[in-house]
Amino acid sequence: MTTELRGKSAIVGTGHAGFGEAHGLTAYDVMAQSALAALGDAGLNLSDVDGLFCTMMEDSMPALMAAEYLGIQPRFIDGTMSGGSSFVNYLTSATMALDAGLCDVALIVYGSNQRTASGRLVTASRPPAYEAPYNPRYPISAYAMAAARHMHEYGTTREQLADVAVAARAWAQRNPEAFERGPLTREDVLGARMVGDPLTVRDCCLVTDGGGAIVMVHADRARDFPKAPVYVLGSAAESSHRQISQMKDFTVTAARASGARAFAAAGVTPADIQAVELYDAFTINAILFLEDLGFCAKGEGGAFVEGGRIAPGGVLPVNTNGGGLSCVHPGMYGIFTVIEAARQIRGDAPGIQLKDIDLALAHGNGGVLSSQVTAILGSQNTL
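Quick look at the structure, then. All figures in this text were calculated on a predicted structure; none of them were measured in a lab.

**Observations concerning the overall build of the protein chain**
Then, in step 1: When you go through the protein chain residue by residue, the secondary structure sums to 12 helices and 11 strands.
Then, in step 2: Computed over the C-alpha atoms, the radius of gyration of the protein chain is 19 Å, within 12% of the 21 Å expected from 2.2 N^0.38 for a compact globule of 383 residues.
Then, in step 3: Expressed as a percentage of its 383 residues, the buried residues of the protein chain come to 60%.
Then, in step 4: Here the analysis covers contacts within the protein chain between residues at least 6 apart in sequence; of these, 77% occur between residues at least 24 apart.
Then, in step 5: Surface exposure of the protein chain reaches about 14200 Å², of which carbon and sulfur atoms provide 50%.

**Focus: the pairing of strand β11 (residues 371-378)**
Across a regular strand the side chains alternate sides, sitting on one face of the sheet and then on the other.
Then, in step 1: Burial analysis of β11 places 8 of its 8 residues in the buried class, which makes it a mostly covered element.
Then, in step 2: Here strand β8 (residues 230-239) runs beside β11; their pairing, made up of 8 bridges, is antiparallel. Each bridged residue has a counterpart across the sheet, and for Glu 238 the counterpart in β11 is Gln 372.
Then, in step 3: Where strand β10 (residues 359-366) lies against β11, 8 bridges are found, and the strand directions are antiparallel. Directly across from Gly 364, in β11, lies its bridge partner Val 373.
Then, in step 4: Counting the residues in the hairpin turn of β10 and β11 gives 4 residues, including Gly 367, whose phi is positive at 70°.

**Looking at the pattern of salt bridges**
Then, in step 1: Enumeration according to the criterion identifies 13 salt bridges in this entry.
Then, in step 2: Between Arg 75 and Asp 50 there is a salt bridge, and its shortest N-O distance comes to 3.0 Å. Taken together, the residues Arg 75 in the loop between α2 (62-70) and β3 (76-78) and Asp 50 in the loop between α1 (27-42) and β2 (51-54) connect sequence positions 25 residues apart.
Then, in step 3: The residue Arg 149 makes a salt bridge to Glu 153 at a minimum N-O spacing of 2.9 Å. You can see Arg 149 and its partner Glu 153 sitting in helix α5 (residues 140-154), 4 residues apart, about one turn around the helix.
Then, in step 4: Ionic contacts of the salt-bridge type, sharing partners, join the residues Asp 41, Lys 227, Arg 346 and Asp 348 into one network.

**Quick word on helix α9 (residues 283-292)**
The periodicity of an α-helix, 3.6 residues per turn, causes residues three or four positions apart to be oriented the same way.
Then, in step 1: The element α9 is largely enclosed, with a buried count of 10 among its 10 residues.
Then, in step 2: For α9, the set of buried residues is Thr 283, Ile 284, Asn 285, Ala 286, Ile 287, Leu 288, Phe 289, Leu 290, Glu 291 and Asp 292.
Then, in step 3: Positioned one or two residues after α9, Gly 294 has a phi angle of 95°, which is positive.

**Considerations on the packing of helix α6 (residues 158-172) against α9**
Then, in step 1: In the contact formed by α6 and α9, the axes pass within 8 Å of each other and the chain directions differ by 100°. Between α6 and α9, the angle falls in the class roughly perpendicular. Of the residues in α9, those touching α6 at Gln 160, Leu 161, Val 164 and Ala 165 are Thr 283, Ile 284, Ala 286 and Ile 287.

**Let's talk about the side chain of Thr 374**
Then, in step 1: Looking at the secondary structure, you find Thr 374 in strand β11.
Then, in step 2: At 2.8 Å, the side chain of Thr 374 forms a polar contact with the side chain of Ser 258.
Then, in step 3: Looking at Thr 374, its side chain comes within polar contact range of the side chain of His 363, at 2.9 Å.
Then, in step 4: Non-local contacts of Thr 374, meaning those with residues more than four positions away in its chain, are made with Val 88, Gly 234, Ser 235, Ala 236, Ser 258, Gly 259, Ala 262, Leu 293, Leu 361, Ala 362 and His 363.

**What to know about α1**
Then, in step 1: For α1, built from 16 residues, the straight-helix expectation of 22 Å at 1.5 Å per residue is met to within 8% by its first-to-last C-alpha distance of 23 Å.
Then, in step 2: Taken across its 16 residues, α1 has 12 buried, putting it largely inside the fold.
Then, in step 3: Note on α1: the residue one or two positions beyond its end, Gly 43, has a positive phi of about 75°.

**A short note on the environment of Phe 289**
Then, in step 1: In this fold, Phe 289 is placed in helix α9.
Then, in step 2: Here Phe 289 falls in the buried class, since its relative accessible area comes to 0%.
Then, in step 3: For Phe 289, the residues in contact, after removing those within four places along its chain, are Thr 253, Ala 255, Leu 278, Tyr 279, His 363, Asn 365, Leu 369 and Gln 372.

**With respect to the pairing of β10**
Then, in step 1: With 8 of its 8 residues buried, β10 lies for the most part within the structure.
Then, in step 2: Alternating residues of β10 divide into Leu 359, Leu 361, His 363 and Asn 365 and Ala 360, Ala 362, Gly 364 and Gly 366, and every residue in both groups is buried.
Then, in step 3: The sheet contact formed by strand β9 (residues 275-277) and β10 spans 3 bridges and is parallel. Bridge assignment links Val 276 to a residue of β10, and that residue is Leu 361.

**Things to note about the side chain of Glu 340**
Then, in step 1: Mapped onto the secondary structure, Glu 340 falls in helix α12 (residues 334-346).
Then, in step 2: At 5.3 Å, Arg 343 is the nearest oppositely charged side chain to Glu 340, a buried residue that forms no salt bridge.
Then, in step 3: Excluding its chain neighbours within four sequence positions, the residues that come into contact with Glu 340 are Glu 277, Thr 320, Asn 321, Ala 349 and Pro 350.

**Structural notes on the nonpolar core**
Then, in step 1: In terms of nonpolar packing, the biggest core is built from 122 residues, with Met 216, Leu 290 and Ile 376 touching the most fellow members.
Then, in step 2: For this core, the element with the highest residue contribution is α1, accounting for 8 residues.
Then, in step 3: Aside from chain neighbours lying at most four places away, what touches Met 216 is Ser 9, Ala 10, Ile 11, Leu 91, Ala 94, Thr 95, Leu 98, Asp 104, Val 105, Ala 106, Ile 108 and Val 232.

Parameters at a glance
Residues numbered from 1 in each chain as written. Predicted model: local features only at pLDDT ≥ 70, side-chain atom pairs only at ≥ 80, totals over all residues. Heavy atoms only, no water. Helix = DSSP H or I, 4+ residues; strand = E, 2+ residues; numbered from the N terminus. Rg over C-alpha atoms; globule rule 2.2 N^0.38 Å. Buried < 20%, exposed > 50% of the residue type's maximum accessible area, 1.4 Å probe, protein only. Contact = heavy atoms within 4.5 Å. Areas by Shrake-Rupley, 256 points an atom, 1.4 Å probe, with all protein chains shown as cover. Pairing = 2+ DSSP bridges. Salt bridge = Lys/Arg side-chain N within 4 Å of Asp/Glu carboxyl O. Axes fitted to C-alpha atoms, helices over the stretch in contact; angles between N-to-C directions. Parallel < 35°, antiparallel > 145°, perpendicular 65-115°, else oblique. Polar contact = N/O pair within 3.5 Å; in protein donor to acceptor, adjacent residues only side chain to side chain. Expected span 1.5 Å × (residues − 1). Lys, Arg positive; Asp, Glu negative; His and termini not counted. Core = buried A, V, L, I, M, F, W, Y, C linked by side-chain atoms within 4.5 Å.

As structure tokens, then:
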């Protein structure tokens, strides 16, 4: 996104459905319930939607299927699939479509019944050609390699990785919508079942059902809706590889580039951000993204998250809903980073509501650290 698009679109509705377990519902059922919740939040109806942005884990033409299921005929659709980063990326394409007059009400939506359908953290992707002979546990093995390399390169410890999970749980314990709210200590994480050395099961995201939706309009209309608008100030994407074997450096992600361009478009810096919502599919993700987005130097992420520094009361609020590690992770988590960032700015977050939030960051990750998308969201005060 360029500076010309700064503040040209706004989120005016958010919604979700099926958190945790949605027994008896299909992925499209959960998607539809999420869409209706977001539209209700905005005071709109399905008949108002003329722009649809959707991808699902189980369909090759998700936007068409979603439109048919919802009973709408949008004049603009986007079903681009870049994994869990897709939904953050839709903020850019929706903003462009709204600013160009290609649609008036954009609906970004997702749904999954991964937990009740299979209960397993698995991928629908074809096994990577150059990695399949080694029979990796996809995607866990890829993230375990990144974690192991970061530990080797910078001295990051398993204890520091565990602190990411403990911080996420501390936020989730205050969030009635979170799936996991029980106590979790560093020792619990370290002593949990190893699934991909050095990652234990508590270093890995949840497997849940759930869906989320976002309603966007052009900024000119943003103040006509019931809730305070949340403006898209800047967003950017960068893709570096598909297979983890083709990643040039396991400790440096494309978030370095996406973050720099998103900050430049928004005209702010990491020091200005008051809430950070990251795609924390694994504990190593938070450390890598905090470094690459500029919240700390490369190699210092372990120390940055240590001892509750990203937990409630710490120096930087990170994943204030509990993240994918403790709140919800239905196959892809990206849309929930945007929803939580928007709710913190609006002042109606379900868990700990931070005080006077004007700037928040949402960051999506797709593939195996493959696609990175960063978005900066702001209140009316930031325009």
